[in-house]
Structures are given as C-alpha cells and as structure tokens.
Amino acid sequence: MSRLLSSALSMRRDPRMLKLPPYLSLVCLLVGIVWLVLLPLDNYSRRTYISENALLPGQVHTYFGGSEQNIFRAYRRELDAFVNESNSNINNRLELILNAAGIKVGRQIYAYNSAGNTYSGENLYGILQAPRGDATEAIVLVAAWSSIDDTFNGNGVALALTLARYFKRWSLWSKDIIVLIPPDSRTGTQAWVDAYHDAHDSNNVASLPLKSGALQGAIAIDYALDQTFEGVHIIYDGTNGQLPNLDLINSIVNIGGGQMGMQTAIQGMRHHGDSYRGRLTTMLRGMLKQGLGICAGPHSSFIPYHVDAVTLQPYGAGWHDEMAMGRVVEGTFRSLNNLLEHLHQSFFFYLLMQKDRFVSIGTYLPSAMLLAANFTIMAIFLWVKSGQPSAPIPGLTAATCEKYAPELSKAPQSSSPIHTTERDLSLPLGIVAGCHAASVIPLFTFNIAPATSVISKYSVAALLNAVAPPVVVYLAAHFAGLSVAELLQQASFGWNIWAMYTPIVIWCIWWPAWLVAMTNVLIKTSD
C-alpha cells in the first residue's frame, strides 16, 4: 500500500501528467453542455405525474358559479368605490366585508427600511375555522391589493372575498382557510409570513393577533385583467431558487386543463408548441430565474418556510371568466384539504420544460457537475504548471531555430531532469481569503448604506467602471431601462426584506474570484 501511494505521489512530477488536464477539462465542458441541451428530448425527460394519491385533483365536482357571480360583481363595484383611499381606510372597508361573512379578522402593521427608503403598510387577513378540523393545519389564499405589475388587483381581491364567503358556507373543510389581503405583492406577504412563524423583527413588523395551525399550502391570485381570459400562468419560482413541491403544480395543471378545459402556462411561455426549441427556452428561463433567486410573486415568501405555494395569473383573451378562475382555486383547495400530511413524495428539485414535462435533479445534476469540474481541473493545472519555469535562451529567435534545426536534432539530449518548483499554498490562499474578506465592503455599502449618502450615483458609476462585475451590473441596469441607483435599491430590497442570496453571490463569490483572477494576471513573478 505504501509503495502504491509513493508511486502515485511521484507521478505528480511526471511532465506527461501536465498534458492531460486541458483535454480532460475540454471533455468535461463539452459533455456538460451536450448533456444540458439533450434534456428537452423525450428520452431524457419525463412526463409529470401525481405522487401523492390523497390529492385526487379534478376528482371532485366544483360548485362555484351561478349566483356567486353576482356577489363577485357587487364586491368589485364596492372595491372600485374606495380604490384611491389610504391603506388603513381600505382595510376598514374590507374588515366590514369579512365580518359580514362571519369571518374573524386580524390586522398587522409593518415597516421595512432599505437603502434609505421605507416600505410600510398594513396587512388584513381573515381566518375561516374548519368545521371538521382542530385548528392544527391551514391553507392560505392571498390576493394583494397591488398586483405583481403594481396595478390594481381588483378582480383578484374581489374573487378572494367571494371565495371566502363561499367557503364559509361549506362544512367539508378539515383545514382552516386564511384569506390574506396585503397592500402589495412584495412586502406585505413577507411581513405576514415572517410574523406567522415568529421569525420577524418586532421593531419593524408587528406580531399577528390571530393565528391558526401549520400552513400546508398557499395560492396567490394575481388577477388584474379586466376581461375574459385564455388561460392561467402558473408562477412557481421561489426566493433564492427554492421551488414548491411538484405535486402542487401538477394538481393545478390537472384541474385547470383536465376539468376546466383551460390553458395553463409556465415561465411566460403562453403559447408553447411542445417543440424542442420551446422546451429548451422554458427550461433555460427557469434556470435563469432560479440562479437570480428573485421573488417572483406573493407566493415566493412562503416557500422558504417549506410551505408549497404558487401564484395564478390569468392571461390572454378568451372565453373563461372569473367563475372559471374561482373553480380552479376551489378545486385546488379541495385537493389540499384531502392531504393527511405535508406534501413530500414528489420533487422539490426539478426543471420544468413544459407544463407536463420535467427533469429531476438526478438527471440534470451531472451536467452542472461536469461544468464545475472543468474550472477545478484547469485551476489545478495552471497552479501546478506555474511551478515549472521556462526561461528563454537569450538571442534565440524563430529564424535561428529553423536554420539550425538539423544540427540541433543530432545533438545529444541532456538527461538532467527539468527542475520543478514546489508551489507554496500560503500566498494564494492568503490572497483568496483577503479578497473574500474585502467583499464585505461592497456587500455592506450597496445593501446597508442609504441612497442619499456620499455614495452618490456618480461615485457608484465610477466604481462600476473600475472593476468588471460592477460593469456588468451597470450594463444590466442600462438594458433594463433603470438607473444604477434604482437597480442597487432593488438589490438592497431583496437582501433586506426577502433575504435574497444574490448579493452574497455577486459580492462575496463572483467579485472576489474576479479579483483573484486579475491578481494572477497582473502579478509580477520572480525567478
């Protein structure tokens, strides 16, 4: 065993070993890319299916409709009457509506500070106690006053109020139903979910006066469309790339498409032709959003607490109305009401390439590992290679080599081995550690400091033009039609309110790695 170990260690000085890593790295890179682009094919992906048998999606008859449409229209006209009032006055009106339906109401005040801006408001929510339950489990229905696009979510709020009144009359519920109406789709839901799980800062977010049991799922309605619609867009991306259980998405697709005859779409692919290009585009869009880790909707705040949630957003012009949307929500709630335990049997790590086709982590992970191995191999190769200096012969030119090539080939070759310098790891490790330690400065500056300090947009622009990653940030802001200050404020918002990891990745991983690379390029080596 010792002889084998000694032989293996001696091979590291063999010059032939340094010829292999570049080719091995190239093979890993090519195989990883090919593996990725093969995933949309039928042979490498699978059709979705329901793993949790208790869900039984689409197996029950939904009754939402008929006279409920008159209730919906009455609520919508009432909402339009006070749409321009303050958040507190709006909640006063909403509280009267929920109280009239026999629902207990709670209110919560919150205020977040981020990059010199204050995001404040008041959440209103009501709890329908389950006739057949013991208040140990609950399902949440969310309808923010402002939609994801920052427009009036009139149909969404009116539909939530109508469903709350409708659900109150049924005796089949074994889980409590919570109707949450935050003032916006970004901060309100986050404050409520944090407080529900006692993970809030009491200086900024008030505690909840009313609570129910453990949250089993959540559905958010983003219905700002004022017309009949073609289908429903299922938004499922969570904060920091987390995803809901795939069974929840599959259930909604089954209920909407199978029972209601309604189109369903994901990742903005509203007219998916089930072609290879469509599948690849959908998959890459999902990967991009997971990588950015942004909050995609009100549902995203639930997922870090292991509460499976999605946002439903009607789109297009078609023949479906608000009653059809209500039946989709009713069918989904009826399925979640059947659960005997938390969703766990299906997948939490997946890539959807169509509403009914996906790849699991065991299929796509080798591609990512091969791409990562490419960088590791080349880093080790370059580090070892740097220990073998090759000083040029003074006065030796290409013409001289060509002229005396025959004589040089006949000359006896020196048998003395090439001197290899052992590479000390203390210096590079110190540089890497120092760069990562220095990353605290931009992380603190861009996420904590107020936008109105000495750190003006001109100094930020100067810094962005000085180092490469901020240049990318600057260009991204330009192409997005935003100023650098606005983009940094949005990043600060995600850090302070959603606990988004993207700033850490940019300033503590990407930026230090770039500094290390620049140090390697610009450093002057000695003989």
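Residues numbered from 1 in each chain as written. Predicted model: local features only at pLDDT ≥ 70, side-chain atom pairs only at ≥ 80, totals over all residues. Heavy atoms only, no water.

As annotated in an unreviewed UniProt entry, the chain carries the name Rhomboid protein 2 and is attributed to Metarhizium rileyi.

With that settled, consider the environment of Glu-230. Tracing the backbone shows Glu-230 in strand 7 (residues 229-235). Relative accessible area serves as the criterion here: at 24%, Glu-230 is assigned to the partly exposed category. (Helix = DSSP H or I, 4+ residues; strand = E, 2+ residues; numbered from the N terminus. Buried < 20%, exposed > 50% of the residue type's maximum accessible area, 1.4 Å probe, protein only.)

Formed by 63 residues in total, the largest nonpolar core has its most connected members in Leu-94, Leu-161, Ile-249, Val-310, Leu-312 and Phe-333. With nine residues, the single largest contributor to this core is helix 5 (residues 154-168). Excluding residues within four positions of it along the chain, Leu-161 makes contact with Tyr-75, Leu-79, Leu-94, Ile-97, Leu-98 and Ile-181. (Core = buried A, V, L, I, M, F, W, Y, C linked by side-chain atoms within 4.5 Å. Contact = heavy atoms within 4.5 Å.)

According to the stated counting rule, one finds 14 salt bridges in the structure shown. A salt bridge links Asp-42 to Arg-279; the shortest N-O distance between them is 2.7 Å. One end of the pair, Asp-42, is in the loop between helix 2 (20-38) and strand 1 (46-47); the other, Arg-279, is in helix 8 (residues 276-292), with 237 residues separating them in the sequence. Given the relative accessible area of 8%, Arg-279 is considered buried. When the shortest N-O distance is used, the salt bridge between Arg-76 and Asp-80 registers 3.1 Å. Residue Arg-76 and its partner Asp-80 are located together in helix 3 (residues 68-81), separated by four residues, close to a single helical turn. (Salt bridge = Lys/Arg side-chain N within 4 Å of Asp/Glu carboxyl O.)

Glancing now at the layout of surface pockets. In this structure, the largest pocket spans a volume of roughly 1500 Å³. Lining the largest pocket we find 49 residues, and of these Leu-292, Ile-294, Gln-490, Trp-498 and Met-500 sit closest to its centre. There are two domains that each give the lining of the largest pocket at least three residues, and those are domain 1 (67-355) and domain 2 (438-526). (1 Å grid on protein atoms, 1.4 Å probe; cavity = no way out; pocket = protein on both sides within 12 Å on 5 of 7 lines; lining within 4 Å. Points joined across faces, edges and corners; volume = space filled by probe spheres on them. Domains from an automatic or database assignment.)

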